Amino acid sequence: MRYRTAQRPLTGRRHSRRDFLGLAAAAGISVPLLSSCAGGVGGDDDDSGGGMGQVDVNPPSQYRDREYNVVMWSAMGGVNGEALDALVEKFNESQDDIYAEVQFQGPYHESAPKLTAALQAGSIPDIAMLADTFWGRFLLNDVLEPLNGYLTDDFNRDHYVETLFDEGLVGDELYWLSFGRSTPLFYYNKDLFAEAGLPDRGPETWTELREWGAELSRLTVEGQSLKTHAFTRDDDWQFMAAAWQFGGRLSDGLDVTINDGGAVEAAEWQKRFVFEDELGYMAQSSATDFGAGVVATAMTSTGALRGIYENARFEVGADFLPAEVQRGVPTGGMGFSILKGASQERKDASFELLKFLGQPANAAEWTLATGYLPIIKAAMDEPELAQRIAEDPNYSIAIDQLPEAEPSDAIRSYLPNGTDLIIGGIQRVYGNRSEAVQDVFDQVADELRAGADNIRDSYDRYFG
Amino acid sequence: MASRTASTTTGAPAPRPDPGSTPGSPRTIDRRAQRRRGWRRNRGEYALFLLLLSPNLLIIATFEYWPVIYNAYLSMTRWNMLSGVPQWVGLDNYHTLLNSETFHQVMRNTLAFTGTVVIGSVVLGLALAVLFNQRLHGRGLVRTVAFAPHIVSGAAVATLWLFIFDPNYGLSRVVLNQFGFGSPRWVTDSDWALASLIIVYLWKGVGFVAIVYLAGLQSLPEELYEAAKIDGAGAWTTFRRITLPLLSPVTFFVMVITIIGTFQAYDMIAVLTGGGPGNATTTLSWYIYEQGFQAFDAGRAAASAMILFIILLIVTGLQTKFVQRRVHYQ
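Residues numbered from 1 in each chain as written. Chains lettered and ligands numbered in written order. Predicted model: local features only at pLDDT ≥ 70, side-chain atom pairs only at ≥ 80, totals over all residues. Heavy atoms only, no water.

Visitor: Help me understand the overall build of chain A, please; the structure alone is not making it clear to me.
Guide: Secondary structure assignment for chain A yields 19 helices and 20 strands. The buried share of chain A, reckoned over its 464 residues, is 57%. Within chain A, residue pairs in contact and separated by at least 24 positions form 77% of the contacts whose partners lie at least 6 positions apart. Put simply, chain A shows about 19,100 Å² of open surface, and 47% of that area lies on carbon and sulfur atoms. (Helix = DSSP H or I, 4+ residues; strand = E, 2+ residues; numbered from the N terminus. Buried < 20%, exposed > 50% of the residue type's maximum accessible area, 1.4 Å probe, protein only. Contact = heavy atoms within 4.5 Å. Areas by Shrake-Rupley, 256 points an atom, 1.4 Å probe, with all protein chains shown as cover.)

Spelled out as structure tokens, the structure:
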């Protein structure tokens, strides 16, 4: 009996057709309903913005009767997230009009799709924390608020470290205000360097690192020969630095140059370092491996300094990035943008929060807690930070290296999957012995160019 | 209720007409009128039927069918999900995909991944089930242990395996060193990455398959085995001629579940390899994510999703056909 009832839907064609008609009818009802929602959003081409709602915000009782609520979408958890929360709480205590709430949305690559969805839904945060390689796509789609009008006599470019401030400029207009900024540093394990009889500094050039590799590989760790350098598998930032150091570029504007000159030479050098010299490898996580002491050197962000200190059971050294034919230091990290779609009141209130975060004492507190670069000039005179910089050479290295730093190549910043395509390419360089670098990068370049063609019009509108 | 009434009025074989009656004769008209009356009476029932069904239908239509329809539309547009409205491009996205070397690699990966995981699950699951079916000490504990990975979240399993796979300090290295081998760089080597993904998916899924097979094994009738024994059949013949055919509904079920599961694989790929190195472990579902949420190319993501949808439709169709012809029900 049960067997039969179970079989019925399979054989009862008549019923299934009828069910389908019912479903189709129901679908017909829901189509206009939903598409009308979508239409409301798609039609929002109004340039002045201000028409979008705010995502849910839940002020605690003591802030419930404030005049304005501001929502900031953050992409930082862990130590850095806590530091930001503490500063925003301080902002809430410092005045009586505005309540600001930080909402963590996952790391950059998760929070960017969420912001996209929020914009489609017409219900948005007011401030978005965007990585240097993420704000460009939002800029090109005209959803970011120009910020020049919010700057004041005592809060403007002069207040900031200019190189970092200028990265948020498009022409003369500011769209992105630097906050957690960084450069890569060259980290080395001082204990292992001493054991191998190497000098207590980073290598001047990649070639010198290769020479040192011969000494380092005589040491063993966990029964295996010590590797000299761990390459990163989930970022192309470090590789971009190497490409520059070998005299190349990933792109010039949107013109892709990754399959040409220095970029190819850098990759070929690194591939030989991995497969022929057997001195390097692609790590599951280079910072973790370095912190665990299983590799002698790694390149990672200044913002990772605190985390590495906490993990490492050895003395951590940090130095300038190695050069080869020239020096090359890319900036990275994140800043804040205000969304054009928020109402003017919300945008004004939002900028009050950004100003607060840019006060020297607060900026210094942020740098101390995270290891990110000081972005406000006066922050470096704050006693506690000044003392840290004087006492810990690893902090001052990052600051000393900064004047050499340059922003990312445009293909990485403005093409939404630019970094992903480049990461895919360098993974093949480090992870596939048999493929020739030139072939890999030719393929990557083709895909990058196809992507670049799609965004060229909007890019030229801002930069042309 | 309604459907049964309907099928007796319309579907059941009508009594053989009288030899003398011709179309249009009073008897036929009478029957038509009867049918009409039936319809009228049933109309009320149908209305009630639809009314009772409508909340569910509406929900299913809104959250299941409408997205499919809208996705089909999106697959013929170009749209970055941020600005303006989708732009109609016809079949361009499909054309680009089918001619893209990357997409071909993605399809090869998907096939290799799904094929190996499905076959591996069936073979290993059945082997484990046969083992668990023996009267051995502590088999309850072993069964529980084997089933445990199935209920742990994929992200947690993948994180655990990242440690196991780590060529510097992972368990796999310790084990392989015992046998004189070095550990491959599992997830960062193009030649090993897909294999490591398959190992992890098998490890997580095989316990579940084994339990399903075990249930199947335990419900098989003893008489057949006794008869086979009397006829002098050996263990292998008994297994091949009796156990395997009788388990075919279970095998069918396992295959359906595993195929759907592997086509949807996402969580552990995200944690283990992120589709890399390069595209070495990019399966169709991961590719859809890449196109949608890395490249913000809604059209191409939607077109890839439609291709996945069509493949699953074909697989389901084939399986339905197969199950009606080949599967033995007890």
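Visitor: What is the right way to look at the sheet that holds strand β16 (residues 295-301) of chain A in this model?
Guide: Sheet strands line up and pair through hydrogen bonds in the backbone, either parallel or antiparallel. All names here are of chain A. Sheet architecture is open: five strands sit in the order β15-β12-β16-β9-β17, paired in mixed fashion. Bordering the open sheet on either side are β15 (280-282) and β17 (316-319), each of which pairs with just one other strand. In this sheet, adjacent strand axes meet at a mean angle of 30° when their direction is disregarded. Pairing between strand β9 (residues 184-189) and β16: five bridges, direction antiparallel. Note that in β16 the partner of L185 across the bridge is T300. (Pairing = 2+ DSSP bridges. Axes fitted to C-alpha atoms, helices over the stretch in contact; angles between N-to-C directions.)

Visitor: Any chance you could explain the sheet that holds strand β19 (residues 332-338) of chain A here in plain terms?
Guide: Residues and elements named next belong to chain A. Strand order in the open sheet formed by five strands is β3-β2-β5-β19-β8, with mixed pairing between adjacent strands. In this open sheet, the two edge strands, each paired with only one partner strand, are β3 (98-104) and β8 (177-182). Averaged over neighbouring strand pairs, the angle between their axes works out to 20° when direction is ignored. In terms of strand pairing, strand β2 (residues 68-74) meets β3 through seven bridges, oriented parallel. Residue pairing across strands places M72 opposite V102, the latter belonging to β3. Sheet contacts for helix α3 (residues 78-94): β2, β3, β5 (127-131), β8 and β19; angle to β3, the most-contacted strand, approximately 165°.

Visitor: When you look at the nonpolar core in this model, what are you seeing that I'm missing?
Guide: For soluble globular proteins, the rule of thumb is that nonpolar side chains tend to be buried together. Counting residues in each nonpolar core, the largest one holds 158 residues, and the members touching the most others are L84, I258 and F441 of chain A. Here this core takes nine residues from helix α19 (residues 437-463) of chain A, the largest share from any one element. Beyond its immediate stretch of four places on either side in the chain, L84 of chain A contacts M72, S74, V102, M129, F179, F336, L357 and W366 of chain A. Listed in part, the 22 residues of the second largest apolar core include V117, V157, L162 and Y289 of chain B. (Core = buried A, V, L, I, M, F, W, Y, C linked by side-chain atoms within 4.5 Å.)

Visitor: What am I meant to see in unusual backbone geometry here?
Guide: Comment: phi is negative for the bulk of residues other than glycine, and the bulk of peptide bonds are trans. Following G276 of chain B, the chain continues into P277 of chain B via a peptide bond in cis, with omega recorded as -5°. Note that P277 of chain B resides in the loop between α12 (267-272) and α13 (284-294). In this structure, D142 of chain A takes a positive phi of about 60° despite not being glycine. For D142 of chain A, the location among the structural elements is in the loop between α5 (135-140) and α6 (162-166). Accessibility expressed as a relative area gives 28% for D142 of chain A, which makes it partly exposed. With a phi angle near 70°, M81 of chain B is a residue other than glycine that sits in the positive phi range. If you trace the backbone, M81 of chain B turns up in the loop between β1 (77-78) and β2 (87-88).

Visitor: Looking at this structure, I do not really get the confidence of the model for chain B. What am I missing?
Guide: When pLDDT drops low, the exact placement of atoms in the prediction is not to be read closely. Taken residue by residue, chain B gives an average pLDDT of 85. The fraction at 70 or more is 85%. A low-confidence stretch, residues 1-21 of chain B stays under pLDDT 50, and its non-local contacts, those more than four residues away or across chains, total ten contacts. (pLDDT = per-residue confidence, 0-100.)

Visitor: Could you clarify how one ought to interpret the pattern of salt bridges in this entry?
Guide: For side chains of opposite charge, pairing can occur when their charged atoms come near one another. All names here are of chain A. On inspection of all chains with the given rule, the structure shows 24 salt bridges over all chains. Across the pair E352 and K355 runs a salt bridge, and its minimum N-O distance is 3.6 Å. You can see E352 and its partner K355 sitting in helix α13 (residues 344-357), three residues apart, about one turn around the helix. As a salt-bridge pair, D453 and R456 come within 3.5 Å of each other at their nearest N and O atoms. Taken together, the residues D453 and R456, both in helix α19 and three residues apart, mark about one turn of the helix. (Salt bridge = Lys/Arg side-chain N within 4 Å of Asp/Glu carboxyl O.)

Visitor: Just to check I follow, could you spell out the environment of A363 of chain A for this structure?
Guide: All names here are of chain A. Tracing the backbone shows A363 in helix α14 (residues 360-370). For the pair A363 and E382, spaced 19 residues apart in sequence, the C-alpha to C-alpha distance is 9.5 Å. Excluding its chain neighbours within four sequence positions, the residues that come into contact with A363 are L357, I376 and A379.

Visitor: I would appreciate a short explanation of the confidence of the model for chain A in the present structure.
Guide: Averaged over chain A, the pLDDT score is 88; the fraction of residues at 70 or greater is 89%. A low-confidence stretch, residues 1-47 of chain A (pLDDT under 50), is modelled with 28 contacts involving residues beyond four sequence positions or located in other chains.

Visitor: I tried to follow a nonpolar patch on the surface on my own but got confused; where do I start?
Guide: All names here are of chain B. Taken together, the side chains of V68, F309, I310, L313, I314 and L318 make up a nonpolar region of the molecular surface, amounting to roughly 540 Å² of accessible area. For the nonpolar patch, the leading source of residues is helix α14 (residues 298-326), giving five residues. Here L313 shows up in helix α14. A relative accessible area of 52% places L313 in the exposed class. (Patch = residues over 30% accessible without salt bridge, like charges linked within 9 Å, V, L, I, M, F, W, Y side chains within 5 Å.)

Visitor: Can you walk me through the interface of chain A and chain B in this structure?
Guide: Many analyses report the size of an interface as the accessible area lost when the parts associate. Counting residues at the interface gives 46 residues for chain A, matched by 44 residues for chain B. Interface of chain A and chain B: buried area, both sides summed, is about 4,000 Å²; carbon and sulfur atoms make up 57% of it. In this assembly, chain A and chain B are joined by zero salt bridges. Linking chain A to chain B there are eleven residue pairs in polar contact (both at pLDDT 80 or more). Top contributing element to the side of chain A that touches chain B by residue count: helix α2 (residues 13-42) of chain A, with eleven residues. (Buried area = accessible area lost by both parts, 1.4 Å probe. Polar contact = N/O pair within 3.5 Å; in protein donor to acceptor, adjacent residues only side chain to side chain.)

Visitor: Mind showing me how you'd approach the packing of helix α10 (residues 262-275) of chain A against α19 of chain A here?
Guide: The relative placement of two packed helices is expressed as an angle between their axes plus a distance between the axes. Residues and elements named next belong to chain A. Two elements in contact, α10 and α19, have axes whose closest approach is 10 Å; the angle formed by their N-to-C orientations is 135°. Of the possible angle classes, the one that applies to α10 and α19 is oblique. Between α10 and α19 lies a crossing of right-handed hand. Facing α10, whose interface residues are A263, V264, A267, E268 and K271, α19 presents V437, Q438 and F441. A breakdown of the residues in the contact of α10 with α19 according to their chemical character gives five nonpolar, one polar and two charged. (Parallel < 35°, antiparallel > 145°, perpendicular 65-115°, else oblique. Left-handed = near helix turned anticlockwise from the far one by under 90°. Nonpolar A, V, L, I, M, F, W, Y, C, P; charged D, E, K, R; others polar.)

Visitor: Where do I start with α13 of chain A in this structure?
Guide: Every α-helical turn comprises 3.6 residues, leaving residues that sit three or four positions apart pointing alike. Given a rise of 1.5 Å per residue, 14 residues ought to cover 20 Å, and the 20 Å separating the end C-alpha atoms of α13 of chain A matches this to within 8%. Counting buried residues in α13 of chain A gives ten out of 14 residues, a clear majority hidden from the surface. (Expected span 1.5 Å × (residues − 1).)

Visitor: Mind showing me how you'd approach the pairing of β19 of chain A here?
Guide: Looking along a regular strand, one sees side chains alternate from face to face of the sheet. All names here are of chain A. Within β19, seven of the seven residues are buried, which leaves it mostly tucked inside the rest of the structure. What you see with β19 is no split at all: G332, M334, F336 and I338 on one side and G333, G335 and S337 on the other are buried throughout. Pairing of β5 with β19 involves five bridges; the strand directions are antiparallel. Residue M129 lies in a different strand from β19, and its bridge partner there is F336. Bridge count for β8 against β19 is five bridges, and the pairing is antiparallel. Its bridge partner being in β19, S178 is matched across the sheet by G335.

Visitor: In this structure, what is going on with the side chain of N93 of chain B? I would like to understand it.
Guide: Along the chain, N93 of chain B falls in helix α3 (residues 92-98). Not counting chain neighbours up to four residues away, the residues in contact with N93 of chain B comprise L74, S75, M76, T77, G299, R300 and A303 of chain B.

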